[in-house]
Amino acid sequence: MIFSVKFLCYLDVLHDIWIYCRYVFSGTSSKVSDTTSSNTQDFHNIKQPSNHILEDLLQIELPRMIYTKPQILKPPRCDVLMMTPWFAPIVWEGTYNSEILNEQFQQRNDTVGLTVFAIKKYVVFLKTFLETAETYFMVGHRVNYYIFTDRPEEVPKVALKEGRNVVVLQVQNYPRWQEISMRRMEMLSYFSQQRFINEVSYLVCVDVDMKFNDQVGVEILSDLFGTLHPGFYTAERRSFTYERRPASQAYVPSDEGDFYYMGSIFGGTVMEVYKLTKKCHEAIMVDKANGIEAIWQEESHLNKYFLYHKPTKILSPEYMWDDYLGRPEILKKRRFLAVPKNHAAIRNK
């Protein structure tokens, strides 16, 4: 989208022309009332634009965006749910125009933060994660990769495009992988308030044992977004593995729930992510004080939060897929994939 410098130079002239034309074509100059006499006098004080200025204005290069006209009576996808009952879009391939979204986002000059935790041996996933992110994540936009790790010396050096940076944040590890998982909410909450709010506009919070496999761009961004769990996106509510024990702060009654969300990718504006992670961390600490741990740790608390604080956008399973689930026909893209691994070997080292 290109603006001529002349367009900026002639803004004041355009205003005067508007007043001039309104007066000339109103046809009421002989019937001007006393209440408008001051406006008439103002008009006579206007310096009428010269011919060369008018000619230059006609040559101004206005922004152009060429794309297929939206079809009101023809939905882009008929095989999937594209909207929630609270009017939050569900993002699937074919439901958005990336060129329009990229043009709009570039005008805002925002930076996106991508957070990832590489604790203990999970640091081995960083190279593939970063290399594939540079290929597919927010291409053409500014990105800060925030890497939380207890092994900063093992963070690999990866070639980065202009405007993209790796920021290493050293944190401690914990003996149990469940504790490491739950502490993620604490760290995200703290750094959102202390640092991220001053450096980025949006946060995308993901797992490190993943790889980008296709474009993941600004279409995912919103005030608050979650991702449909690939194992439950077609399941009935009764099948969702919410925390069902009333003693836990993550408890969800059996007759409640919209979707089951994956803890591997969520995000939003820094302020909304701060509120989410702060609330989840506080709930986790209450559970810990009461000697209870939610069935799926921070993912259980995330689902409880999304139940009562509805996401403004939801990502389809394209944005969190595991190939062991096969490749259903509705899945046109596999954008973010789980990396095969031996969980026991990785988690206990």
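Residues numbered from 1 in each chain as written. Predicted model: local features only at pLDDT ≥ 70, side-chain atom pairs only at ≥ 80, totals over all residues. Heavy atoms only, no water.

Colleague: Before we go on, may I ask you to explain the overall build of the protein in this structure?
Modeller: Within the protein, the secondary structure is distributed over 10 helices and 10 strands. Counting only contacts in the protein whose residues sit at least 6 apart along the sequence, the fraction spanning at least 24 positions is 76%. (Helix = DSSP H or I, 4+ residues; strand = E, 2+ residues; numbered from the N terminus. Contact = heavy atoms within 4.5 Å.)

Colleague: Got a minute to help me understand the UniProt feature "active site" (unreviewed entry) in the protein in this structure?
Modeller: In the numbering adopted here, UniProt assigns the feature "active site" (unreviewed entry) to Glu299. Relative to the elements of secondary structure, Glu299 occurs in helix 9 (residues 297-308). Glu299 gets classed as buried once you look at its relative accessible area, which sits at 12%. Ignoring sequence-local partners within four residues, the contact set of Glu299 consists of His229, Tyr260, Tyr261, Met262 and Gly263. (UniProt positions renumbered as here; feature names shortened; annotations may be inferred. Buried < 20%, exposed > 50% of the residue type's maximum accessible area, 1.4 Å probe, protein only.)

Colleague: Even after reading the chapter, I still don't get empty space enclosed by the protein, so can you show me in this structure?
Modeller: Over the atoms a probe the size of a water molecule is rolled, and this reveals where empty space is left. Taken as a whole, this structure holds one cavity of 30 Å³ or more when the rule is applied. As for the largest cavity, its lining consists of Glu179, Met182, Arg183, Ile284, Met285 and Lys288. Going through the elements one at a time, helix 7 (177-194) and helix 8 (270-289) are the ones with two or more residues in the lining of the largest cavity. (1 Å grid on protein atoms, 1.4 Å probe; cavity = no way out; pocket = protein on both sides within 12 Å on 5 of 7 lines; lining within 4 Å. Points joined across faces, edges and corners; volume = space filled by probe spheres on them.)

Colleague: Looking at this structure, how should I read the nonpolar core?
Modeller: For soluble globular proteins, nonpolar side chains are generally found buried alongside one another. Phe129, Phe137, Val204, Ile220 and Leu221 are the most contacted members of the largest nonpolar core, which totals 39 residues. Where this core is concerned, the elements lending two or more residues are strand 2 (111-118), helix 6 (126-136), strand 3 (142-149), strand 5 (202-206), strand 6 (210-212) and strand 10 (336-338). Among residues more than four places away in sequence, those in contact with Val204 are Val112, Gly113, Leu114, Thr115, Phe137, Ile220, Leu221, Phe225, Ile265 and Phe266. If you look at the next biggest cluster of nonpolar residues, it comprises 34 residues, including Ile119, Val200, Cys205 and Phe306. (Core = buried A, V, L, I, M, F, W, Y, C linked by side-chain atoms within 4.5 Å.)

Colleague: What's the story with the sheet that holds strand 7 (residues 224-227) in this structure? I'm lost.
Modeller: Pairing between sheet strands relies on hydrogen bonds along the backbone, with the strands arranged either parallel or antiparallel. Within the open sheet, the eight strands sit side by side as 1-9-7-8-5-2-3-4. Their pairing is mixed. The open sheet has two edge strands with one neighbour each: strand 1 (90-91) and strand 4 (164-170). Pairing between strand 3 and strand 4: seven bridges, direction parallel. In the sheet register, Phe148 faces strand 4, and the bridge partner there is Leu169. (Pairing = 2+ DSSP bridges.)

Colleague: Which parts of the structure should I look at to understand a nonpolar patch on the surface?
Modeller: Together, Leu160, Val166 and Val168 give the surface a local cluster of nonpolar side chains, amounting to about 180 Å² of exposed area. Mapped onto the secondary structure, Leu160 falls in the loop between strand 3 and strand 4. With a relative accessible area of 32%, Leu160 lands in the partly exposed category. (Patch = residues over 30% accessible without salt bridge, like charges linked within 9 Å, V, L, I, M, F, W, Y side chains within 5 Å. Areas by Shrake-Rupley, 256 points an atom, 1.4 Å probe, with all protein chains shown as cover. Salt bridge = Lys/Arg side-chain N within 4 Å of Asp/Glu carboxyl O.)

Colleague: Help me understand the UniProt feature "binding site: Mn(2+)" (unreviewed entry) in the protein in this model?
Modeller: UniProt's entry tags Asp207 and Asp209 with the feature "binding site: Mn(2+)" (unreviewed entry), counted in the numbering of this structure. By the element assignment, Asp207 lies in the loop between strand 5 and strand 6. Leave out the neighbours within four places in its chain, and Asp207 touches Val116, Phe129, Arg184, Gly263, Ser264 and Phe336. Polar side-chain contacts of Asp207 include one of 3.1 Å to the side chain of Arg184. Mapped onto the fold, Asp209 is located in the loop between strand 5 and strand 6. Setting aside residues up to four positions removed in sequence, Asp209 forms contacts with Tyr122, Phe125, Ala338, Val339 and Lys341. (Polar contact = N/O pair within 3.5 Å; in protein donor to acceptor, adjacent residues only side chain to side chain.)

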